[in-house]
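# Structural overview for review
Here's the letter readout for the chains.
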Amino acid sequence: MTWDEAERVEALHNYGVLDSDLDFDGIVKIASHICRTPIAVVNFVDATRQWFGAECGLGVRETPLDVSICAHAILQPDIFVIPDLAKDPRFGCNPLVAGDPNLRFYGGALLTSSNGLPLGTVCVLDYQPRPMGLTDEEEDTLRALARQVMNQLELRLAIREKEALVREKELLVAEAHHRVSNSLQMVQSLLTLQSRQTIDPEASQQLQASAQRVNTFGLMHEHLYRSGAGIEVDLAVYLATLIEDQNKALASTLGHRRIALHAEAIQWPTSEVATVGLIVFELATNALKYGEGLVTVRVSKVEGLLFIVVEDEGAGIPISFEPEESRGLGMRLIRGLVSTRGGQVAVDRSKRHTAFVVTMEMPEAR
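Looking at an unreviewed UniProt entry, one finds the protein chain named histidine kinase, with Roseococcus pinisoli as its source organism. As stated in UniProt under Catalytic activity (unreviewed entry), the record for the protein chain gives "ATP + protein L-histidine = ADP + protein N-phospho-L-histidine."

Have a look at this one:
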């Protein structure tokens, strides 16, 4: 078996096992019991030392590489057995054999990485030679225990890699959020500046309204980022946060006006939730601007359709008003947003006060 030693050591370090607190005590106890040896070790061969992930009967956690028997074992393709270490020319002068603790027998199974690199062994040792070596059952046990050690290492590596990906994703999301927020702030500032420099009062008002819409979109983006939203978001929770912000803003200007939300728990794609948020914001803003009293937002679902009802306590909308014919920027924006989900906006004239009703297809119905 041949390999690049630097690559082998790098692979060992990538598992993050050296000097760790991984528990392999059960492994060595089983190996010692099945093989009937006083010593058993889970051994990892580093560049200059061998480190014991677990040991029983030896009393140390590492030794220099120059006295390592396992450094020879990783050169073998399978089980490595030395019936009498003292009679083997490779180990007769080894201080662990020639002196204390006077080891005489060794048997080890390879710990092999997923790409075939030897990392160490699960091995057993004895103070007495064993001319017959290991039985087939004992060798199979060592192989099985070695596989169990590597399964734990592979799981540990997979978890570490997943955590690294999560951290990378969080950094990318944070960077994207930062760039989007900066861009939205720049657009809002430009619209505000343009509105102040425009002589035409109507055009100035439209620019200010657009700046406010950009600000609202920025707030919705901020809420999604801070909530750590996944693929889907709960509309009730999301809208409650937006409306809470709007109520706080109203407290300083229209202390007697507020918005009340009654929403079912409905899962909505995060990528499209801003659409619902903008529709609610536009309708609620219109109700605050042109209506009276409490503004109530109701969100529900019925047979594959999402219903958004926004009403206030005003006298109602003139009979001549039709949302589909309105040329106002706000209503045109609402119509455009609603159309993206095959919906429509209408006025509920069965009520004595003002009530707009938006219907859209639910995501699962498309």
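Here we come to the pattern of salt bridges. Considering all chains together, one arrives at 12 salt bridges under this definition. Arg49 serves as the salt-bridge partner of Asp46, at 3.6 Å between the closest nitrogen and oxygen. Each of the two residues, Asp46 as well as Arg49, counts as buried. Residues participating in the shared-partner salt-bridge network are Asp19, Asp46, Arg49 and Glu62.

What follows deals with the pairing of strand E10 (residues 295–302). Examined bridge by bridge, strand E8 (residues 259–263) and E10 share 5 bridges and lie parallel to one another. Bridge pairing links His262 to Arg298 in E10. Both E10 and strand E11 (residues 305–311) contribute to a ladder of 7 bridges, which runs antiparallel. Note that in E11 the partner of Arg298 across the bridge is Val309.

Here we come to the side chain of Glu139. Mapping Glu139 onto the fold places it in helix H5 (residues 136–197). In this structure, Glu139 is in contact with Ile79, Val81 and Leu134, ignoring residues within four places of it in sequence.

Taken together, 6 strands build an open sheet; the order of strands is E3-E2-E1-E6-E5-E4 and the sheet is antiparallel. The open sheet terminates on both sides in strands that have one partner only, identified here as strand E3 (62–64) and strand E4 (80–82). This sheet shows a mean twist of 25° between the axes of neighbouring strands, independent of strand direction. As judged from the 3 bridges shared by strand E2 (residues 49–56) and E3, these two strands associate in the antiparallel manner. What sits directly across from Trp51, in E3, is Glu62.

Right, let's talk about unusual backbone geometry for a bit. Of the consecutive residues Asp100 and Pro101, the connecting peptide bond is found in the cis state with omega at 10°. Its identity is not glycine, yet Asp19 carries a phi of approximately 60°, on the positive side. The topology assignment puts Asp19 in the loop between helix H1 (5–14) and helix H2 (25–35).

Looking at the element boundaries, Gly314 is found in the loop between E11 and helix H9 (329–339). Counting along the chain gives 24 residues from Gly314 to Tyr290, while the straight-line C-alpha distance between them is 8.3 Å. Among residues more than four places away in sequence, those in contact with Gly314 are Glu292, Arg352, His353 and Thr354.

What follows concerns the nonpolar core. Within the largest apolar cluster, 34 residues are counted, with the highest numbers of intra-cluster contacts made by Trp268, Val276, Ile279, Leu306, Ile308, Val358 and Met360. In terms of residues, this core owes the most to one element, helix H8 (residues 273–290), which gives 9 residues. If we ignore the near neighbours within four places in the chain, the residues touching Ile279 are Ile308, Leu337, Val338, Val358 and Met360. In terms of nonpolar packing, the next biggest core, distinct from the first, is built from 32 residues, Ile79, Leu111, Ala146 and Met150 among them.

What follows deals with the sheet that holds E11. The 5 strands are arranged E8-E10-E11-E13-E12 in an open sheet whose pairing can be described as mixed. Each end of this open sheet is capped by a strand with a single partner; those strands are E8 and strand E12 (344–347). Strand-to-strand, the axes of this sheet are offset by a mean angle of 15°, without reference to chain direction. With 4 bridges joining them, E12 and strand E13 (residues 355–361) adopt antiparallel strand pairing. Bridge pairing in E13 places Val347 opposite Phe356. Contacting E8, E10, E11 and E13, H8 runs over the sheet at an angle of about 20° to E11.

Attention shifts here to the side chain of Ser195. Tracing the backbone through its elements, the reader meets Ser195 in helix H5. Since its relative accessible area comes to 3%, Ser195 is described here as buried.

Next up on the list: the pairing of strand E5 (residues 105–112). Walk down a regular strand and you will see the side chains alternate between the two sheet faces. Counting buried residues in E5 gives 7 out of 8 residues, a clear majority hidden from the surface. When E4 meets E5, the two strands line up antiparallel, connected through 3 bridges. Considered in E5, the bridge of Phe80 is made with Gly108. Sheet topology places E5 next to strand E6 (residues 118–126); 8 bridges connect them, and they run antiparallel. Residue Leu111 lies in a different strand from E6, and its bridge partner there is Gly120. Here E5 folds back onto E6 in antiparallel fashion, the turn holding 5 residues, of which Gly116 has a positive phi close to 85°.

Calculation criteria
- Residues numbered from 1 in each chain as written.
- Predicted model: local features only at pLDDT ≥ 70, side-chain atom pairs only at ≥ 80, totals over all residues.
- Heavy atoms only, no water.
- UniProt positions renumbered as here; feature names shortened; annotations may be inferred.
- Salt bridge = Lys/Arg side-chain N within 4 Å of Asp/Glu carboxyl O.
- Buried < 20%, exposed > 50% of the residue type's maximum accessible area, 1.4 Å probe, protein only.
- Pairing = 2+ DSSP bridges.
- Helix = DSSP H or I, 4+ residues; strand = E, 2+ residues; numbered from the N terminus.
- Contact = heavy atoms within 4.5 Å.
- Axes fitted to C-alpha atoms, helices over the stretch in contact; angles between N-to-C directions.
- Core = buried A, V, L, I, M, F, W, Y, C linked by side-chain atoms within 4.5 Å.

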